[in-house]
Amino acid sequence: MRRPRRKHPDAGRAETALGRFLLAVEKGYVELHPRIQDRLHELDLALGEVMAAVLDAAREIRMSDSRPVKESWDPPSHAFVWDSARFRRKMYLKFRLEGKRPTVVLYSFHPADY
């Protein structure tokens with residue numbers, strides 16, 4: 001059984017995490033939580049299109065879009081809600097930085113509905 005990776009040291013501060021998020025996505029260091037697939041139909045995305053869409057999102061998100069995560073089912077992470085030009089709607093994205101590289105673990109990526 002694989003030991004879970006630890007949170008990356010830059011994952012604590014939202015400003016630093018957002019910068020690392022963009023760099024990791026540009027390099028393709030992204031893992032999708034299995035539940036991401038459950039809502040792809042809402043974005044008219046196939047699984048093979050997700051990485052390009054996440055890169056577009058990473059380039060759109062600003063620090064002012066940060067939303068603190070309260071009582072999450074997921075490990076500590078960073079959430080953002082923004083008006084997306086790519087998707088022409090308000091979007092919600094939640095990620096966590098893990099490991100030394102770091103790798104982005106994407107927990108949520110869907111229209112903002114809460």
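Look up: the structure comes first, before these words.
Because the structure is predicted, anything quoted here is derived from the model rather than measured.

(A) Seen up close, unusual backbone geometry. For the bond running from Arg-101 to Pro-102, omega is -10°, close enough to zero to count as cis. Secondary-structure assignment places Pro-102 in the loop between strand S4 (89–98) and strand S5 (103–111). Positive phi is not limited to glycine here, since Asp-44 has a value of about 55°. Within the secondary structure layout, Asp-44 lies in the loop between strand S1 (30–32) and helix H2 (50–60). Under the relative-accessibility criterion, Asp-44 is labelled exposed at 66%. At Arg-88, a residue that is not glycine, the phi angle is positive and equals roughly 55°. You can see Arg-88 is positioned in the loop between strand S3 (78–84) and S4. Given the relative accessible area of 75%, Arg-88 is considered exposed.

What counts, and at which threshold
- Residues numbered from 1 in each chain as written.
- Predicted model: local features only at pLDDT ≥ 70, side-chain atom pairs only at ≥ 80, totals over all residues.
- Heavy atoms only, no water.
- Helix = DSSP H or I, 4+ residues; strand = E, 2+ residues; numbered from the N terminus.
- Buried < 20%, exposed > 50% of the residue type's maximum accessible area, 1.4 Å probe, protein only.

Geometric values such as these leave the question of function open.
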